[in-house]
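Structure assessment
One letter stands for each residue in the lines below.
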2 protein chains.
Amino acid sequence: MPRPPAPRKTTGRPARISREEIIRTARRIVTEDGADRLTMRRLATEIGSTPMALYHHVRDKEELLLLLLDDHAARSLRRPEPPPADPRDRVLAAATAIHEVLAACPWIVEVLTADDLMSTSALWFVEQIVAGLTESGLSLDEAVRGYRTIWYYTAGEILVHATSARRRSTDDRPTYRDQVFAALDPAELPLLSRAAPRWTPLTAEDTYEQGLRALLTGLLSHTPA
Amino acid sequence: MPRPPAPRKTTGRPARISREEIIRTARRIVTEDGADRLTMRRLATEIGSTPMALYHHVRDKEELLLLLLDDHAARSLRRPEPPPADPRDRVLAAATAIHEVLAACPWIVEVLTADDLMSTSALWFVEQIVAGLTESGLSLDEAVRGYRTIWYYTAGEILVHATSARRRSTDDRPTYRDQVFAALDPAELPLLSRAAPRWTPLTAEDTYEQGLRALLTGLLSHTPA
DNA sequence: ACCTGAACACCGTTCAAGT
DNA sequence: ACCTGAACACCGTTCAAGT
């Protein structure tokens, strides 16, 4: 991927800190203390340098987060071995792999929605999804649209779960949802009232794959027959 | 919904600013200048007061944003008249209505993933979705899971679009995605290479409803036969 | 070329005091 | 009860200078 303006080795003062060290330290902070604790200032002090030294190696904080996501994807994404024979199963396997890796690092939320997930290491998985969809009968355009639909679903699932998990841990007071649910009028909203006690357990369930299967069924059944 | 500790009218100094005025002003700032320009300090000065006066009417900034979302939902969400006869179409209509309203206010991103969209005014739409799904043959639990799947997809679509739109407007340099796509190896990723020139236009397309239909088809076809 | 120090222009929120 | 002023504990980033 766009390896950045690589430090010219030709001349000048030798570098004291490296992009690699920056990312390594950032990764540690983020896994130990969470994404909101990652600040340029703290990163600098942990590295034993000053905030402004960082700006010689990354353009700004956003680029840093993007590099962090790349790094995470590169070290965690594993290609399914062997790839499933059925194209539909290859789509499932690729999407599930992406989901798994991203769900494991909820701190990613801030960067997640940047464009698409276009880390180099993730591209192979995107290719698998698009390929599986075309082999199942979709045109290339339809397959790209299909990939995007899957991506929206995946990103949404991760973002919603990550945020509510964060909230649950930071906070003891009853959630807004609980308050709302406690005040439901069964006459006006009969099903929600009936479902109210089931809502929290159902929300906690991991239904990503189930939903993904449904989505995929729908995407493939909309093929021009 | 949880109308908050309503100011007791019984005694004490008359209030100079009201929760209503706070929300009205916040709404103006956010629609005029974007969500990142809404700060407690600026809100206070625009109201002609001090930051700390606000904290007498809202608990913190997060509550303010939640109230803002409630307010927006209350004034924009319109129930379909008449509701479609087919339960499947009622699900589509309700989800589309929610999507439309949220897509119109991209500033909502910060609050969107709070729990679920549990604004009081949105509850009727959630009820419609759950009802439509049960009438189509799902159990109540399955219908709630189905609603959540739809919600993930909807939230993801809005979040991804909102963020990339924000990026596009703030920024002229080529996106990360463009850089990645420019360096694709056709041998390794043949479909992505072929799709590369189509990617940006396809991303710009509004495919929410198309994806929603596919998802719904899948959710309903997974009914225990 | 790489790094430092000081400063700019902000944040959300707490605390103690005023009316 | 409601509001104010001052302060706390931070941010990301720019700029000018040092080596």
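In the nomenclature of an unreviewed UniProt entry, chain A corresponds to AcrR family transcriptional regulator from the organism Streptomyces echinatus.

Attention shifts here to the overall build of chain A. Along the backbone of chain A there are 11 helices and zero strands. Written out in order from the N terminus, the α and β elements of chain A read α-α-α-α-α-α-α-α-α-α-α. Burial analysis of chain A (225 residues in total) assigns 52% to the buried set. In chain A, the share of contacts with a sequence separation of at least 24, taken over all contacts with a separation of at least 6, comes to 69%. Carbon and sulfur atoms form 53% of the exposed surface of chain A, whose accessible area is close to 11100 Å².

As a further point, take helix α5 (residues 87–103) of chain B. Residues and elements named next belong to chain B. In this model α5 runs 24 Å from its N-terminal to its C-terminal C-alpha over 17 residues, within 8% of the 24 Å that 1.5 Å per residue would give. Among the 17 residues that make up α5, 12 are buried, leaving the element largely enclosed by the rest of the structure. Among the residues of α5, those classed as buried are Pro 87, Arg 90, Val 91, Leu 92, Ala 94, Ala 95, Thr 96, Ala 97, Ile 98, His 99, Val 101 and Leu 102.

Our next topic: the UniProt feature "domain: HTH tetR-type" (unreviewed entry) in chain A. Look at the UniProt record and you will see "domain: HTH tetR-type" (unreviewed entry) annotated at residues 16–76 of chain A. End-to-end, the C-alpha atoms of residues 16–76 of chain A are 29 Å apart, and along that stretch the chain is 70% helix and 0% strand.

What follows is about the interface of chain B and chain A. Of the residues lining the interface, 70 residues belong to chain B; the matching set on chain A comes to 70 residues. The junction of chain B with chain A conceals about 6500 Å² of combined surface from both sides, 65% of it contributed by carbon and sulfur atoms. Counting across the interface, chain B meets chain A through six salt bridges. Ranked by residues supplied to the side of chain B that touches chain A, first place goes to helix α8 (residues 140–170) of chain B with 19 residues. Per-class residue counts for the side of chain B that touches chain A are 33 nonpolar, 17 polar and 20 charged.

Before going further, it helps to spend a moment on the protein's contact with DNA strand D. Around DNA strand D sit 23 residues in total, of which Arg 13, Arg 41, Met 52 and Tyr 55 of chain A together with Arg 16 of chain B are the nearest. Backbone atoms, meaning sugar and phosphate, form 45% of the atoms of DNA strand D found within 4 Å of the protein. Lys 61 of chain A has a polar side-chain atom sitting 3.1 Å from a phosphate oxygen of DNA strand D. If you list the elements that add at least two residues to the surface near DNA strand D, you get α2 (40–47) of chain A together with α3 (51–54) of chain B. Of the residues belonging to the surface near DNA strand D, the class tally is nine nonpolar, seven polar and seven charged.

With that out of the way, let us pick up the protein's contact with DNA strand C. Taken together, the neighbourhood of DNA strand C is formed by 23 residues, with Arg 16 of chain A together with Arg 13, Arg 41, Met 52 and Tyr 55 of chain B sitting nearest. Among the atoms of DNA strand C lying within 4 Å of the protein, the sugar-phosphate backbone contributes 45%. A distance of 2.3 Å is found between a phosphate oxygen of DNA strand C and a backbone nitrogen or oxygen belonging to Arg 16 of chain A. Between Ile 17 of chain A and DNA strand C, the recorded distance is 3.1 Å, taken from a backbone N or O atom to a phosphate oxygen. Elements with a minimum of two residues in the surface near DNA strand C: α3 (51–54) of chain A together with α2 (40–47) of chain B. Within the surface near DNA strand C, the residues separate by chemical class into nine nonpolar, seven polar and seven charged.

Scanning all chains against the criterion turns up 26 salt bridges over all chains. Residues Arg 75 of chain A and Asp 71 of chain A are paired through a salt bridge, measuring 3.2 Å at the closest nitrogen-oxygen approach. Of this pair, Arg 75 of chain A and Asp 71 of chain A both sit in helix α4 (residues 61–76), four residues apart, roughly one helical turn. Assessed through its relative accessible area of 16%, Asp 71 of chain A is described here as buried. Where Glu 32 of chain B meets Arg 28 of chain B, a salt bridge forms, and the shortest distance between an N and an O atom there is 3.6 Å. Of this pair, Glu 32 of chain B and Arg 28 of chain B both sit in helix α1 (residues 19–33), four residues apart, which is roughly one turn of the helix. Relative accessible area serves as the criterion here: at 52%, Glu 32 of chain B is assigned to the exposed category. Here the salt bridges share partners, and the residues they tie into one network are Arg 28, Glu 32, Asp 33, Arg 42 and Glu 46 of chain A.

With that settled, the discussion passes to the packing of α5 of chain B against helix α11 (residues 208–221) of chain B. Residue and element names in this part refer to chain B. In contact at an axis separation of 11 Å, α5 and α11 are set at 140 degrees when each is read in the N-to-C sense. When the axis of α5 is compared with that of α11, the two are oblique. Handedness of the crossing formed by α5 with α11: right-handed. Residues Arg 88, Val 91, Leu 92, Ala 95, Thr 96 and His 99 of α5 touch α11, and the partners they reach there are Tyr 208, Leu 212, Arg 213, Leu 216, Thr 217 and Leu 220. Class assignment of the residues belonging to the contact of α5 with α11 gives a composition of seven nonpolar, three polar and two charged.

The rules behind each value
Residues numbered from 1 in each chain as written. Chains lettered and ligands numbered in written order. Predicted model: local features only at pLDDT ≥ 70, side-chain atom pairs only at ≥ 80, totals over all residues. Heavy atoms only, no water. Helix = DSSP H or I, 4+ residues; strand = E, 2+ residues; numbered from the N terminus. Buried < 20%, exposed > 50% of the residue type's maximum accessible area, 1.4 Å probe, protein only. Contact = heavy atoms within 4.5 Å. Areas by Shrake-Rupley, 256 points an atom, 1.4 Å probe, with all protein chains shown as cover. Expected span 1.5 Å × (residues − 1). UniProt positions renumbered as here; feature names shortened; annotations may be inferred. Buried area = accessible area lost by both parts, 1.4 Å probe. Salt bridge = Lys/Arg side-chain N within 4 Å of Asp/Glu carboxyl O. Nonpolar A, V, L, I, M, F, W, Y, C, P; charged D, E, K, R; others polar. Near = heavy atom within 4 Å. Polar contact = N/O pair within 3.5 Å; in protein donor to acceptor, adjacent residues only side chain to side chain. Axes fitted to C-alpha atoms, helices over the stretch in contact; angles between N-to-C directions. Parallel < 35°, antiparallel > 145°, perpendicular 65-115°, else oblique. Left-handed = near helix turned anticlockwise from the far one by under 90°.

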